[in-house]
Amino acid sequence: MVQAVDKGRLIELLEPAVAALGYELADLDAHFGRRGLLRLYIDRDGGVTVDDCQRVSEQIGAFLDVEDPLPGSYVLEVSSPGFDRRLRTLAHFERFLGEQARVELKDALDGRRNFTGKLAGVDGDEVLIEIDREVWRLPLKDIAVARLAPP
């Protein structure tokens, strides 16, 4: 049986610890149950190396052993966000202004859930994406998943 874990709570717990090591917590995946997995995606200016991932894994592993916020046993993995990195915060969307992105909404907006286009900015709590010269306003809270879509 897979146990649900509050992703937002985990991000709130881990983000400051990862930042204290000099990295950004770009995103995470968490699946728990018989074969639990916690995967952290880290980033920093200049990119992430295997040594960076090992360092963060060791430090965050020790932190999690002390805090013990997770049910059962699990494997901790640390990775770079990759070329098709997820975009989770308004700051992520701002940083990659002008880049191509794929955005999937939780619910349809004007009959659409999937949007692929150029990131055109952020306005308040909305992400602006340009598709065929039309700018769509997507509320951040309604985005299920967003990723860069390199050519």
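Before any of the text, the structure's been laid out above.
Everything in this summary refers to the structure shown in the same document. (Residues numbered from 1 in each chain as written. Predicted model: local features only at pLDDT ≥ 70, side-chain atom pairs only at ≥ 80, totals over all residues. Heavy atoms only, no water.)

What follows deals with helix H2 (residues 50–67). The terminal C-alpha atoms of H2 lie 25 Å apart, and with 18 residues this matches the ideal 26 Å at 1.5 Å per residue to within 8%. If you check which residues of H2 are buried, you get Asp52, Cys53, Val56, Ile60, Gly61 and Leu64. One face of H2 carries all of its buried residues, which in axial projection span an arc of 155°. Those residues of H2 that are exposed and aimed more than 90 degrees away from the buried face are Asp51, Asp65 and Val66. Summarising the contacts, the buried residues of H2 are in contact with helix H1 (7–20), strand E2 (36–43) and strand E3 (74–79). The backbone nitrogen of Asp51 lies 3.3 Å from a side-chain oxygen of the residue at the head of H2, namely Thr49. Asp68 occupies a position one or two residues after H2 and carries a positive phi of about 50°. (Helix = DSSP H or I, 4+ residues; strand = E, 2+ residues; numbered from the N terminus. Expected span 1.5 Å × (residues − 1). Buried < 20%, exposed > 50% of the residue type's maximum accessible area, 1.4 Å probe, protein only. Arc of directions from axis to C-beta. Contact = heavy atoms within 4.5 Å. Polar contact = N/O pair within 3.5 Å; in protein donor to acceptor, adjacent residues only side chain to side chain.)

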